[in-house]
Amino acid sequence: MSEVFRFAPSPNGRLHLGHALSAFTGFDMARRVGGRFLVRIEDIDTTRSRDDLIAAIFEDLRWLGITWEVPVLRQSEHFDDYRAAATRLRDMGLLYPCFATRSQIEAALQPGHVSDPDGAPLYPGLHRGLDARAVADRLQWGERYALRIDMARALAAARNMAGNAAFTFQALDAAGRQTAVVANPARWGDAVIVRKEVPASYHLACVVDDARQGITHVTRGRDLLAATDLHRLLQVLLGLPAPLYHHHRLLTDQQGRKLAKSADDTSLASLRAGGATPVDIRHLVGL
Ligand code: GLU
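Here is what the cut-offs are and how they apply
Residues numbered from 1 in each chain as written. Predicted model: local features only at pLDDT ≥ 70, side-chain atom pairs only at ≥ 80, totals over all residues. Heavy atoms only, no water. 1 Å grid on protein atoms, 1.4 Å probe; cavity = no way out; pocket = protein on both sides within 12 Å on 5 of 7 lines; lining within 4 Å. Points joined across faces, edges and corners; volume = space filled by probe spheres on them. Helix = DSSP H or I, 4+ residues; strand = E, 2+ residues; numbered from the N terminus. Nonpolar A, V, L, I, M, F, W, Y, C, P; charged D, E, K, R; others polar. Phe/Tyr/Trp six-rings, centres within 6.5 Å; stacked < 30°, edge-to-face > 60°. Buried < 20%, exposed > 50% of the residue type's maximum accessible area, 1.4 Å probe, protein only. Lys NZ or Arg CZ within 6 Å of the ring centre and 35° of its normal. Near = heavy atom within 4 Å. Polar contact = N/O pair within 3.5 Å; in protein donor to acceptor, adjacent residues only side chain to side chain. Areas by Shrake-Rupley, 256 points an atom, 1.4 Å probe, with all protein chains shown as cover. Pairing = 2+ DSSP bridges. Axes fitted to C-alpha atoms, helices over the stretch in contact; angles between N-to-C directions.

## Quick notes on the layout of surface pockets
The computed volume of the second largest pocket comes to approximately 290 Å³. Listing elements by their share of the lining of the second largest pocket, those giving two or more residues are α1 (17-32) and β10 (244-248). No other element matches α1, which puts six residues into the lining of the second largest pocket. For the lining of the second largest pocket, the per-class residue count stands at seven nonpolar, four polar and five charged.

Given below as C-alpha cells:
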C-alpha cells in the first residue's frame, strides 16, 4: 500500500519560508519512499480565505518544484461531511451547544485559570450541562452557538473504545525513527469542535479529511504538536485510522519569533521577486 503525505495550507496569506519547509518536508519524504503527495486547501474560514491566495499557493509550490495530485480537496466544499461527523459525536453525547460570547467566557474565568496550548483560557464550563429546555428555547430564538466537546465524557468514551491506545500516537523523527507518544487531549479542555460561524473547526475538518484522503503520514510544524492530542482523540471517537506524525522544526525570525504570514519579507513571492531561486529557498529553510 502506498504511503500518502499532504501539505495543508490555509489560504489567508501568502506562503512564507515556514510553509516552504513544511511543503518540502512532506514532498521529500513522499519521494523518498515512493509515496503520494497531496495538497489540501484548508479554507473553512470563509471570511479570511481568498481564491487569489489559493492560486498563489499553487503558483508558489509549482515554482518550488513541488508536484501534487489533482483534484485538490478544498475544505469549503465539504461542510456536509464535517456536519455529519459532528452529528455523530453529538449523538454519542459528547458535544454540547455553547452560546457564550468571548466576553461572557472571560467574565466567568477564575483567578489563576489555566490556558490551552494555543494560549486561550480553558473553557470554564459555562454552558456544559445546560438543561435541555433552556437549550431548546435558545435554539428556537435562533441564538448562535458553537459545539464544544465534553472533554471528561469524551476521554471516558475513548478509553472505553480503545483503552490506552486512545491516548497514544506514533511520531516519526527526521531520521525516520518511530516512537509512541502519549497524547494529552485533556489540556484542550472543552474545545470548540464546531465553530459559531462555520459548521466545522480546524481540528474536526483535519481529522475527517486526513482519513478521507487516506493520509498515512501527517507532516507539519511543531506548532501543531499539541493539536495532535486532540486529533488522536477525535480519531478514536469517530473510528478513523491513525496516521504517523512528523512535526518538523519551526523557522524563526531574527528575534526568535515564529514566522507569520504577515511577515512579508519572508514570503516566497517577495523572495522570488528579489531574485531567489528554489535552490536558495531550500538553503534558506535549512534543507
Ligand atoms: N492549515 C494549517 C495551517 O496552515 C495546517 C494544518 C495541518 O497541517 O494539519 O497552519
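## As for the packing of aromatic side chains
Counting across every chain of the model gives six aromatic pairs. Ring geometry for Phe-27 against Phe-37: centres 5.5 Å apart, planes inclined by 75°, an arrangement best described as edge-to-face. Taken together, the positions of Phe-27 in helix α1 and Phe-37 in strand β2 (residues 36-41) put the pair 10 residues apart, joining distant regions of the chain. We classify Phe-27 as buried; its relative accessible area is 5%. For the pair Phe-169 and Tyr-245, a centre-to-centre distance of 5.5 Å together with 75° between the ring planes defines the contact as edge-to-face. One end of the pair, Phe-169, is in strand β6 (residues 168-172); the other, Tyr-245, is in strand β10, with 76 residues separating them in the sequence. Each member of the pair, Phe-169 together with Tyr-245, is buried. A cation sits over an aromatic face here: Arg-148 above Tyr-123, 3.8 Å from the ring centre. Sitting above the plane of the Trp-63 ring, Arg-272 keeps its charged end 5.0 Å from the centroid.

## Examining the site of the ligand
Around the ligand lies a shell formed by Arg-6, Ala-8, Pro-9, Ser-10, Glu-42, Tyr-202, Cys-206, Arg-220 and Leu-224. In the model, an oxygen atom of the ligand is placed 2.8 Å from a nitrogen or oxygen of the Tyr-202 side chain. Within the side chain of Arg-220, one N or O atom sits 2.8 Å away from an oxygen atom of the ligand. Considering the ligand on its own, with 290 Å² of exposed area, one finds that the protein chains cover 80% of that surface. Of the residues that constitute the shell around the ligand, the class distribution is five nonpolar, one polar and three charged.

## A short note on the sheet that holds strand β8 (residues 192-194)
On the basis of which strands lie adjacent, the open sheet formed by three strands has the order β4-β5-β8 and antiparallel pairing. Looking at the sheet topology across the chains shown, the edges are occupied by β4 (95-98) and β8. If you compare each strand with its neighbour and ignore which way they point, the axes differ by 45° on average. Of the strand pairs in this sheet, β4 and strand β5 (residues 146-149) are connected by four bridges, and their pairing is antiparallel. Its bridge partner lying in β5, Leu-95 is registered against Ile-149.

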